[in-house]
Each structure stands twice: as structure tokens, then as C-alpha cells.
Amino acid sequence: MRVLLLRALREPATAASLSLSQWDLLIRQARHANLLGHLHDLLHDMPSVPEVAQVHLLAGARLAERQQQSVRHEAQELASALNATGIRPVLLKGAAYVLADLNAARGRVFADVDLLVPHGQLAQAEAALMLAGWVSGETDAYNQRYYREWMHELPPMQHLQRGSVVDVHHTILPPTSRAHPDPAALVANARALADWPGLAVLSPADMVLHSATHLFHEGEGDNALRDLVDLRSLIAEFLAADPDFWHRLVEQAHRHNLCEVLALALRYLARVLGVAVPAAVTHALSPHAGNMLQRLLRDQMYKRIFTPLHSSTKDLLTPLAREALYIRAHWLRMPPKLLTQHLLRKAWMRVSDAGQPLQTDQP
Amino acid sequence: MIVADLSPSALRARLAGAGLRFAAGPFAFRVQSPQRDLAEGIGRLYAAHPLRGDDDFIDFHVAILPGRNLRRFVRPQVRFVVDGLEPFKPLPADQAMPMLEWGLNWCIAGYANHLLMLHAAVLGRGDRAVVMPAPAGSGKSTLCAALALSGWDLLSDELALLDPATGLLHGLARPINLKNASISVIRRFAPEVEVCGPYLDTTKGTVALLRPPAGSVAAVARLRRPAWVVFPKYVADAPARLTPMAPAEALLALADNAFNYHIQGQHGFSALCALLDGAPAWRFEYGYLDEAIACFDELAGAVEQAA
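Predicted model, so just to flag it, every value in this text is computed and none were measured.

Engineer: What is the right way to look at the sheet that holds strand β6 (residues 116-118) of chain B in this model?
Structural biologist: Residue and element names in this part refer to chain B. The sheet built from 3 strands is open, its strands ordered β6-β10-β11 with antiparallel pairing. Each having just a single partner strand, β6 and β11 (169-170) make up the two edges of the open sheet. Of the pairings in the sheet, the one linking strand β10 (residues 160-162) to β11 comprises 2 bridges and is antiparallel in character. For Leu-161, the partnering residue across the bridge sits in β11 and is His-170.

Structure (C-alpha cells):
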């Protein structure tokens, strides 16, 4: 199989029989998918990993280790800035996995800290963060309005000294989108972290639903495979602690109007990573799985998204699939009229920016 | 087989086709490029480096490709591509060879986080090595080139690769990057050396690339224990003078000159402590290369006698 990374993720034991040139390709695919550190963890006990490949896995793990240390530090800083005004932030995604010490954190790399605060406390949270040194880098008036009126988060805020970025969410989907999860229930159900006073994470089922929501509303596929791997780790760990977890997951999906997203997540967890989803769960979600044509088109698109973004995995339809993903994400986020206006506006901004020189690093 | 075993046309064909695969110390590279002057540069500078086969593991797959569209023809440019990514802006086509060198440095410094990487020259003597960290302009490359041409083994002119697990240094034995005035200094010091360039008006001024001595390339697999840390500084006409440096001060200065100290965290701190436990640190001022080399030989001799 061409996509060695997918095979290694599905059946790590098969890595034992790889040739050196296959290891070469596997390392490159894992690097492009931001999964070197995860692979290091997955193949940890395998004695047959050749030394030349092992060092690259270790390099990925070191980078992840370092980023997690920073995230722990950032989360504490955020907690002390927000707790002072009585806000208890709920960490989302990567930061939540790290602070809750979940398996999904092992070897994972990421850049930003995402957190959720109740909508009523949003202005207060923004002010508290600004006092503590985080500022919004978004200076364009249209983009500010885009975030504040139509999105589920503030424009990203960056710390003046440390350069760290925080995304403050007040719900998990844009208010203009078609599905309507209940953010108050998410916050009410959140679990305080015993080791990290003043911080909380979503309940297990909500955490899976949010990560899936984020993944299937995302317009760029750069970390799609990594996010799918996260979901696999989360579900496996929560199932081990609670045999009734599948049931709870479906129940929460109904409650938050996220059955469609969960159906998608489970479909591709099974197809891409070989996760065994009970037939009863698939059946319960089948009314939300779309019709045959929709499934066929989505499969064609996601097949090209859930793969390392590396030249060895590209085909003629890959650019089209990425374009379709971008459009789909916006389609889910906004009603058609607003979407048309927004895309025209963005296109114009791109054209008028085109005259500016590109900024890249010097050698 | 080494690179010099390939005829110039075979070398060009490999570069223009499936790629030239060769190793420098612990890393293997595959380089693809249609640029003829790059083939010539590689043939001269990497002559003694071992080739790698099609079935071997390659650490970094890179290419130097012609500029896009018009830039292929009008004031032509070249682009550095690593496995589909383009980390730099294009450069004038006549800088293809320095661009390859900077690109390979970028690959190692950006990806080899299993090692602690310092911005330092490293030279070996037997099983031991001297680590010379220094900012640009301190005369580090000139001194490094002079030592490499005077009986010391070249490990690297600007990338010290320390394995935190073993405390040993890996060598690369890649070309030495000489800048501006140091080009003529080294040409006077050793008129017979093979130098590519000069390449004018690069982002680092005028640069030239010095072929690593064949003996250093042959000995590159030998891991060395750091025995001295020397912070060199060129001062015109100054007599060569070594002054001891406090370990704590040296540790901060080393961390300051590291590429990935911040990524290594605890591992990096422990590795630098262990390094300085085994290698006393010195400040070194010099105005003349001959005196400087005598000073280094004496430093090495003192340890060899003690051992």
C-alpha cells in the first residue's frame, strides 16, 4: 500500500517488516501529517525499528514533549488571568488532552490553546486577558466583525512577550451554522481538573463530540488525520473506563444536535483507522448518515483528506478535494446569502493583497 | 563508492534524474537538481563523501530547482525544496551551491531534535573534540578552517551535534563556509586548498566554500568526547591568549548559541552540564592563525600527556 502511514496507524505491528526505503517514506509521511511523535509512542516497544528511523521518531517526541510543557505553563497563566475575575475556563482539544493527562496527548504537537467561556462572560474574559498581556493581532475591521458577529470565537489573541496564542470560544460552532449545540450544558457538564485548580475540561462524551465537530467543520485539511487519530485515542481511553461510553456518546450527540458529525466521525474512524464501531451505534446514527450520493461524494473527498499531505499520496483529485473541504466548511458555518457575501469579500481581500510581497524566512 | 567515483556526466545525470544519494556523518541526503554549476560544486566539495544506494534510508530529500515562470530565464533564480516544502525565498541562480549548503543546515537544525544542536565549530583530535561556539564575525570559521588544514579533524564549521544520551559529538565533515575577508586569509594560509566560489552579494556577503579535508571525511563516523569549549574572538594583532571561563557563565553562553536548547528542555540542560563537567571552558583571543594553532596544539598535548 502506498500510504504506509495509514497502515502503520491501523496495524503498528506491520511496521516490523518494512524495508529501509519504506521506513524512509513512512517517516516523511508522518512528518507531513504532524504524527511523528504519535508514531514514536505507537511503536515505542518495537525493537525492530531501525536506528536511522528511530532518531526521527525521537525528534518528533522531543518537540511534542517541549510543546506540552509550554501548554501546561500557558494554561496556568490563562487560569490565573481569568480566575481573578471569577471565570473558570474550560480547555478544549490539545490543551485539554495534555492537562487532563489523556493518552491522546502523547506525542501530539500543536500551536494554540483553545478555551471555552460562557457567552455572558466573553467581554470580561477578553478584558482580563488583555490586562495579562494577550492582544488581538487582527487589525482588519471586516475580519474583527466576522469573528465577533458570525463566529464562535474571538479573533486569536497573542501574548506580547511569550508569543503564545489563545483562541477564546463561547460555543463550539458558529451561531450562524445549521447545528445548534447547547454551550451552557457543555460548561455545566465540564469536569474540574483536580491537579490544575481553576481549570476544567469537557465531559468525556462532550470532548469527543467537540473534537469531531471541530474536525468536520474545519476548512483546511492540514491536521485532519492527526485529529482523527486524537478521536481514536479518546474513544479507546473513555471506553476502557466506561463500558457504556458508546451509549453515552450517542445520547449526548442527540442532545447537542450533533448526530450528523458523530456519524461522520465514526464512519471515517472505521474506514481510515479500522476502529471497531458496534453495529448498534452505527444503526442508531444511520438516519443522520446522509443519502447514498452524499456518502459517495464525502467518501471521495475525505479519502483524500485523511491522508498525509505528502507528494507520495497525492492524486489528480486531491486539489479538488481540498477545495471542496474549504467550501463545505463554510457552507456548514453560514447560511447561503451570508456565505456568498463573505466569500466575495474574502476573494476581494485576496486580490487587493496580491500586490504585497510575500514574507518568508531568509536562509 | 564515493562521489568522486562518478564521472562528471554520471554525477550530472543522477542529480538531474532520480537524485544523488550521499551521506555526511549521521545523515543521508538525496539531492535533485538540473543546475549544471551545482553538479560541478558538489563534485568538487563532496568528492570524498560516501554514496548511498536506492534502498538505503534517506534523512532529507531536497532539490534545487529553477525559478518559476519568467525567473527561469530573466535574471534566473533557484529555489530550495525539501520534500515538497519551500522554506526560503528564491536566490539568484549563481548561488545554487551556497543555497544547497544553507538548505541542508536548515534541514538538520530544524528536524534533528533528537540531538542538542549548538551553533559552533567542532574539531577533533583522536577521540576528543573542541567545541567552538561563537556568533558571526568572531573569526570562528577562519580559525576552524585553519585548524582543519593543520592536523585537526573537521567535524563541522557551524553545527555541533551533541547526543544528550551519550554525551558524544557527531561529525558532518561538510564544506566550510568562508565569508568576506576570511576567504583571502585562508587562500594565503593554504594556497593549495580547493575552494568553490566566491559567490558575490549573498545575504551573508561574499562567501566561498572550502572542501573538507579527505581525512576528516574518512574519519567522520568516529564519535568524539567533548574535551574543551573555546569561545574564540579575533582581535587584530593581538597575541594568542586563553583565559579560563566559569562553568556557569559558559553554560549560559552555550545555551545562547544553541539552535534547539529550548526544545530539549531538561535533556538540554543536563547535556550541557555534563558537557562542561568533562570539558573546561576558555575564552580565546587571537590575532594570528599560526599562534592560534600552536595554542590549540598545546591544549591538546596537555591532555594527551595527562592521559
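Engineer: What is the right way to read the interface of chain B and chain A from this model?
Structural biologist: The extent of an interface is frequently quoted as the accessible surface area lost upon association of the parts. Counting residues at the interface gives 26 residues for chain B, matched by 24 residues for chain A. Here chain B meets chain A over a buried area of about 2300 Å², counting both sides, of which 56% is carbon and sulfur. Ranking the residues of chain B by area buried against chain A places B:Phe57, B:Asp83 and B:His114 at the top, with a combined share of 30%. For the interface between chain B and chain A, the tally reads 1 salt bridge. Among the ionic pairs, A:Arg28 bridges to B:Asp83, the shortest N-O distance being 3.0 Å. Between the two partners, chain B and chain A, sit 10 residue pairs in polar contact (both at pLDDT 80 or more). Elements represented by at least two residues in the side of chain B that touches chain A include exactly β3 (60-66), α3 (96-111) and α8 (261-264) of chain B. Considering every element that reaches the side of chain B that touches chain A, the biggest residue donor is α8(B), with 3 residues. Broken down by class, the residue content of the side of chain B that touches chain A amounts to 11 nonpolar, 7 polar and 8 charged.

Engineer: Would you mind showing me how to read the side chain of B:Ser182 here?
Structural biologist: Residue and element names in this part refer to chain B. Looking at where Ser-182 falls in the secondary structure, it is placed in helix α5 (residues 181-189). By relative accessible area, Ser-182 is classed as buried at 10%. Polar side-chain contacts of Ser-182 include one of 2.7 Å to the backbone oxygen of Lys-179.

Engineer: What am I meant to see in helix α9 (residues 266-278) of chain B here?
Structural biologist: Residues that lie three or four places apart on an α-helix share one face, since the helix turns once every 3.6 residues. Residues and elements named next belong to chain B. Along its 13 residues, α9 runs 19 Å from first to last C-alpha, staying within 8% of the 18 Å computed at 1.5 Å per residue. Within the sequence span of α9, burial applies to Gly-268, Ala-271, Leu-272, Leu-275 and Leu-276. Down the axis of α9, the buried side of the element spans an arc of 125 degrees, and every buried residue falls inside it. Opposite the buried face of α9, at more than 90 degrees from it, the exposed residues are Gln-266 and Asp-277. Looking at the buried side of α9, the elements it contacts are β6, β10, β15 (225-234), α7 (247-256), α8 and β17 (281-286).

Engineer: I tried to follow the packing of aromatic side chains on my own but got confused; where do I start?
Structural biologist: The geometry of an aromatic ring pair is captured by two quantities: the separation of the ring centres and the angle between the planes. Overall, the coordinates contain 20 aromatic pairs over all chains when judged by the stated rule. Measuring from ring centre to ring centre gives 5.3 Å for A:Tyr302 and A:Phe306, while their planes differ by 20 degrees; the resulting arrangement is stacked. The burial state of A:Tyr302 is the same as that of A:Phe306; both residues are buried. Measuring from ring centre to ring centre gives 5.4 Å for B:Phe284 and B:Phe296, while their planes differ by 75 degrees; the resulting arrangement is edge-to-face. Within this pair, whereas B:Phe284 is found in strand β17, its partner B:Phe296 is found in helix α10 (residues 289-306), the two being separated by 12 residues in sequence. Here the aromatic residues B:Phe22, B:Phe27, B:Phe29, B:Tyr46, B:Phe60, B:Phe80, B:Phe88, B:Trp106 and B:Tyr111 are joined through ring pairs into a cluster of three or more. The ring of B:Tyr111 has A:Arg31 lying over it, and the distance from NZ or CZ to the ring centre is 4.3 Å. Directly above the aromatic system of B:Trp152 lies the positively charged group of B:Arg125, at a separation of 4.9 Å from the ring centroid.

Engineer: Quick question: what am I supposed to make of the sheet that holds strand β6 (residues 191-192) of chain A here?
Structural biologist: Strand pairs in the sheet, formed through backbone hydrogen bonds, run parallel or antiparallel to each other. Residue and element names in this part refer to chain A. If you trace the 7 strands from one edge of the open sheet to the other, you get β3-β4-β5-β2-β1-β7-β6, paired in mixed fashion. Unpaired on one side and paired on the other, β3 (134-136) and β6 mark the two borders of the sheet. As paired elements, β6 and strand β7 (residues 200-201) share 2 bridges and run antiparallel to each other. By the bridge assignment for β7, Arg-191 is matched with Val-201. Where helix α4 (residues 51-83) meets the sheet, it contacts β1 (90-92), β2 (113-116), β3 and β5 (165-169), and its direction lies at approximately 35 degrees from that of β2.

Parameters at a glance
Residues numbered from 1 in each chain as written. Chains lettered and ligands numbered in written order. Predicted model: local features only at pLDDT ≥ 70, side-chain atom pairs only at ≥ 80, totals over all residues. Heavy atoms only, no water. Pairing = 2+ DSSP bridges. Helix = DSSP H or I, 4+ residues; strand = E, 2+ residues; numbered from the N terminus. Contact = heavy atoms within 4.5 Å. Buried area = accessible area lost by both parts, 1.4 Å probe. Salt bridge = Lys/Arg side-chain N within 4 Å of Asp/Glu carboxyl O. Polar contact = N/O pair within 3.5 Å; in protein donor to acceptor, adjacent residues only side chain to side chain. Nonpolar A, V, L, I, M, F, W, Y, C, P; charged D, E, K, R; others polar. Buried < 20%, exposed > 50% of the residue type's maximum accessible area, 1.4 Å probe, protein only. Expected span 1.5 Å × (residues − 1). Arc of directions from axis to C-beta. Phe/Tyr/Trp six-rings, centres within 6.5 Å; stacked < 30°, edge-to-face > 60°. Lys NZ or Arg CZ within 6 Å of the ring centre and 35° of its normal. Axes fitted to C-alpha atoms, helices over the stretch in contact; angles between N-to-C directions.

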